[in-house]
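Per-entry structural report
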Amino acid sequence: MDYSIAPIDQAELVRLRRELHMYPELRWDLDRTAALVKRELDSAGIPYEADRYGRNTVVATINPESKGFTIGLRADMDALPILENNFEKPYRSRNEGVMHACGHDAHTAMMIGTAKALYAIRNQLTCRVRILFQPCEEGRPSGARTMCEHGVMKDIDCIVMCHVNCVDPVHVISSNPGVTNASSVAFTVTLEGRSVHVATPHVGIDALAAGVKIYNGIQLLVSREVDPFDTCVMSVTCLQAGETVAANADRCVLKGSIRCVKDDTMIWARKRLTELVRLTAEESRTPWNLEWSGEPLPSAHNDPALYEALVQSARKVAGPERVVLLPPSPGAEDFAYYEKEKPGLLFGLGMRNEEKGCVHPAHTKDWDIDEDGLETGVKVFVQFVIDHMDGIAGMNHPKGEPDHD
């Protein structure tokens, strides 16, 4: 069966993506975004559950009565607290200081298009498809983790997602049979000193000096204790201390994050940072506190059998020359929570086009995509479902066989 039997409307995909881009929302506060998704599903007659798996979650089901193989497809919906710089674009964000700078507007638009295309051919599908519209990929508590805690993966056999990028040329599909994204956690170190006049430093405790020692110590940890063939990023991104030139700082706060491809490396990194902070603070006579953003977001891993299945379908859509290997990224992706439940796969979709100015990195104020790639993303999802609706041999099942009600 060929994806061309499923109706895909490129003009509608662009319209949806631009509406989403103009009205971005943050984290779980996605009332308008979720309403748009529900509006489009209602217009097509596609059944869905709203808010069952967390606030502003929407989960649509194609062939809900089917007891056979169930494929999950996921799109994240939230934006970022970034002031957009694309003043000449008619679809520039109308919510000042909030921007779809990571492509989630494209993900949501493509998933709406995928839902409509699959629903149109539902009688020709032997499988059930669960389509997850997820809040809060960019914040915590993680939307994926929350949806899993509410049981969204119970009746799903495997799950697939797409992440657009402006690294690969438009229409290029990328994936790999292993690690795709790093584990991550944020930290805040607080050091308390005793402020005195700069002329009498010996009677005070300089919290900034202790903070600088910790900052420099972090650089040594990564450069001298991490295997060069491993990946560990430990970055201080904010250091705040002192308010005057006449007295030493009585308080210093360092904020940052750790990214590791291997979960064991993350365990080591947290332990060593804690030791570094404690020992430096004790040496500096500085009371200290180290807070974590929570449990580290796990690293994401593509299932090898799913990878082979995706590549087979992607080559039909884009051609063999446009299907390439995806290098692991130190960026985090909460899709990893779904993969802890059932086999999962992330594939990348190139949206880069120099002539259109679509060349900027994600999470920046100038980000934009070549919307010609939206249809390609939908075609890959649809072709994957058509090709593998009867199951995929060789998948790993982290929590055993799926439990279908």
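The following refers to the structure shown. Because the structure is predicted, anything quoted here is derived from the model rather than measured.

1. Section: the overall build of the protein chain
Secondary structure summary: the protein chain contains nine helices and 14 strands in total. For 405 residues, the compact-globule estimate of 2.2 N^0.38 gives 22 Å, and the C-alpha radius of gyration of the protein chain, at 24 Å, lies within 12% of that figure. For the C-alpha atoms alone, the extent of the protein chain along its principal axes is close to 80 × 50 × 40 Å. Per-residue burial for the protein chain yields a buried fraction of 56% across its 405 residues. In the protein chain, the share of contacts with a sequence separation of at least 24, taken over all contacts with a separation of at least 6, comes to 82%.

2. Details of helix α1 (residues 10–22)
If you check α1, its first and last C-alpha atoms are 18 Å apart, about what 13 residues at 1.5 Å a residue would give, namely 18 Å. Those residues of α1 that fall on the buried side of the exposure criterion are Gln10, Leu13, Val14, Leu16, Arg17, Glu19, Leu20, His21 and Met22. Where the residues of α1 are buried, they touch α2 (31–44), α3 (104–120) and α9 (373–387). The N-terminus of α1 is capped by Asp9, whose side-chain oxygen sits 3.1 Å from the backbone nitrogen of Ala11.

3. Section: the sheet that holds strand β8 (residues 183–192)
Overall, antiparallel pairing links the four strands, which are arranged β9-β10-β8-β11 in an open sheet. Edge positions in the open sheet fall to β9 (232–241) and β11 (288–292), since each of these has one partner strand only. Going from strand to strand, the sheet's axes swing by 20° on average, the running direction of each strand aside. As paired strands, β8 and strand β10 (residues 251–260) are joined by 10 bridges and run antiparallel to one another. Bridge assignment links Leu191 to a residue of β10, and that residue is Cys252. Across the sheet, helix α5 (residues 207–225) touches β8, β9 and β10, and the angle it forms with β9 is around 170°. Across the sheet, helix α6 (residues 263–283) touches β8, β9, β10 and β11, and the angle it forms with β8 is around 5°.

4. Some words on a nonpolar patch on the surface
A contiguous nonpolar patch, built from Leu208, Val212, Tyr215 and Leu239 and spanning about 300 Å² of accessible area, is present on the exposed surface. The element that contributes the greatest number of residues to the nonpolar patch is α5, accounting for three residues. Looking at the secondary structure, you find Leu208 in helix α5. When its relative accessible area of 33% is taken as the criterion, Leu208 is described as partly exposed.

5. Focus: the sheet that holds strand β3 (residues 70–76)
The eight strands are arranged β1-β2-β4-β3-β5-β14-β6-β13 in an open sheet whose pairing can be described as mixed. Across the chains shown, the open sheet's two edge strands, defined by having one partner strand only, are β1 (48–50) and β13 (323–325). Taking the axes of each pair of neighbouring strands and ignoring which way they run, one obtains an average angle of 25° across the sheet. When strand β6 (residues 173–175) meets β13, the two strands line up parallel, connected through three bridges. Bridged to Ile173 within β13 is Val323. In the packing of α2 onto the sheet, the strands contacted are β1, β2 (58–62) and β4 (128–134), and the crossing angle to β2 comes to about 20°. Together, β2, β3, β4, β5 (158–169) and β14 (344–352) form the strand contacts of α3, whose direction differs from that of β3 by roughly 150°.

6. Side note on the environment of Gln219
One can find Gln219 in helix α5. In this structure Gln219 comes out as partly exposed when scored by relative accessible area, which is 35%. For the pair Gln219 and Ser235, spaced 16 residues apart in the sequence, the C-alpha separation amounts to 8.4 Å.

7. Points about the packing of aromatic side chains
For the coordinates displayed, the defined rule picks out three aromatic pairs. Cation over ring: Arg270 sits above Trp292, and NZ or CZ is 4.5 Å from the ring centre.

8. Structural notes on the packing of α5 against α6
Interaxial distance between α5 and α6 falls to 10 Å at its minimum, and their mutual angle equals 145°. For the crossing formed where α5 meets α6, the hand is right-handed. Residues Ala210, Lys213, Ile214, Gly217, Ile218, Leu221 and Glu225 of α5 pack against Trp268, Arg272, Leu273, Leu276, Val277, Thr280 and Glu283 of α6. In the contact of α5 with α6, the residues fall into eight nonpolar, two polar and four charged.

9. Quick word on the packing of α1 against α9
In the contact formed by α1 and α9, the axes pass within 9 Å of each other and the chain directions differ by 110°. Relative to α9, the element α1 lies roughly perpendicular. Two secondary-structure elements touch here, α1 through Gln10, Leu13, Val14 and Arg17 and α9 through Leu374, Glu375 and Val378. When the residues that make up the contact of α1 with α9 are grouped by side-chain class, the tally is four nonpolar, one polar and two charged.

10. Brief notes about the side chain of Ser183
As for its placement among the helices and strands, Ser183 is situated in strand β8. Not counting chain neighbours up to four residues away, the residues in contact with Ser183 comprise Ile258, Arg259, Cys260, Asp263, Met266, Pro296, Leu297, Pro298 and Ser299.

11. As for the nonpolar core
Leu73, Phe133, Ile173, Phe347 and Ile392 are the most contacted members of the largest nonpolar core, which totals 73 residues. With near-sequence residues (within four places) excluded, Ile392 lies in contact with Phe69, Cys158, Ala305, Leu306, Ala309 and Phe384. Ranked by size, the runner-up nonpolar core spans 24 residues in total, among them Met234, Ile258, Ala269 and Ala281.

12. Brief notes about the side chain of Arg130
Relative to the helices and strands, Arg130 resides in strand β4. Given the relative accessible area of 5%, Arg130 is considered buried. What Arg130 contacts, discounting residues up to four positions off in sequence, is Glu49, Tyr53, Val59, Ala60, Thr61, Thr70, Ile71, Gly72, Leu73, Val152, Asp155 and Ile156.

Here is what the cut-offs are and how they apply
Each residue is numbered by its place in its chain's sequence as written, counting from 1. Only residues with pLDDT of at least 70 are given local features in this predicted model, and only at 80 or more are side-chain atom pairs given and counted; all residues enter the totals for whole chains, interfaces and linings. Side-chain numbers come from the whole structure's heavy atoms, not from hydrogens or water. Runs of E in the DSSP output that reach at least two residues are strands. Runs of H or I that reach at least four are helices, and both are numbered from the N terminus. Restricting the calculation to C-alpha atoms gives the radius of gyration, and the globule rule supplies 2.2 Å times the number of residues raised to the power 0.38. Partly exposed residues are those whose accessible area sits between 20% and 50% of the maximum for their type, while under 20% is buried and over 50% is exposed, using a 1.4 Å probe and protein chains only. Residue contacts are defined here by distance: any two heavy atoms, one from each residue, within 4.5 Å place the two residues in contact. Multiplying 1.5 Å by the residue count of a helix minus one yields the expected span of that helix. Counted as a polar contact is a pair of N or O atoms within 3.5 Å, where, for protein atoms, one must be capable of donating a hydrogen and the other of accepting one, and residues adjacent in sequence contribute only when both atoms are in side chains. Whether two strands pair depends on DSSP finding at least two bridges between them. Axis angles are defined between N-to-C directions and span 0 to 180 degrees, where every axis is a line fitted to C-alpha atoms and, for a helix, only to the segment in contact. A residue counts toward a patch only above 30% relative accessible area and without a salt bridge, and it is joined to like-charged neighbours within 9 Å or, for Val, Leu, Ile, Met, Phe, Trp and Tyr, to nonpolar neighbours within 5 Å. Under the convention used here, a 1.4 Å probe and the Shrake-Rupley method define accessible areas, while residue burial counts only the protein chains that appear. We define a salt bridge as a side-chain nitrogen of Lys or Arg found within 4 Å of a carboxyl oxygen belonging to Asp or Glu. Each Phe, Tyr or Trp ring (for Trp, its six-membered ring) is paired with any other whose centre lies within 6.5 Å, and the angle between the two planes then decides the class: stacked below 30 degrees, edge-to-face above 60, tilted in between. Note on criteria: charge over ring means Lys NZ or Arg CZ within 6 Å of the ring centre, with the direction from the centre no more than 35 degrees off the ring normal. Each crossing gets its handedness from the near helix: less than a right angle anticlockwise from the far helix is left-handed, clockwise is right-handed. In this classification, Asp, Glu, Lys and Arg are treated as charged, Ala, Val, Leu, Ile, Met, Phe, Trp, Tyr, Cys and Pro as nonpolar, and every other residue, Gly included, as polar. Just so you know how the angles are binned, under 35 degrees is roughly parallel, over 145 roughly antiparallel, 65 to 115 roughly perpendicular, and the rest oblique. Nonpolar cores are built from buried Ala, Val, Leu, Ile, Met, Phe, Trp, Tyr and Cys residues. Side-chain atoms within 4.5 Å join them into one set.

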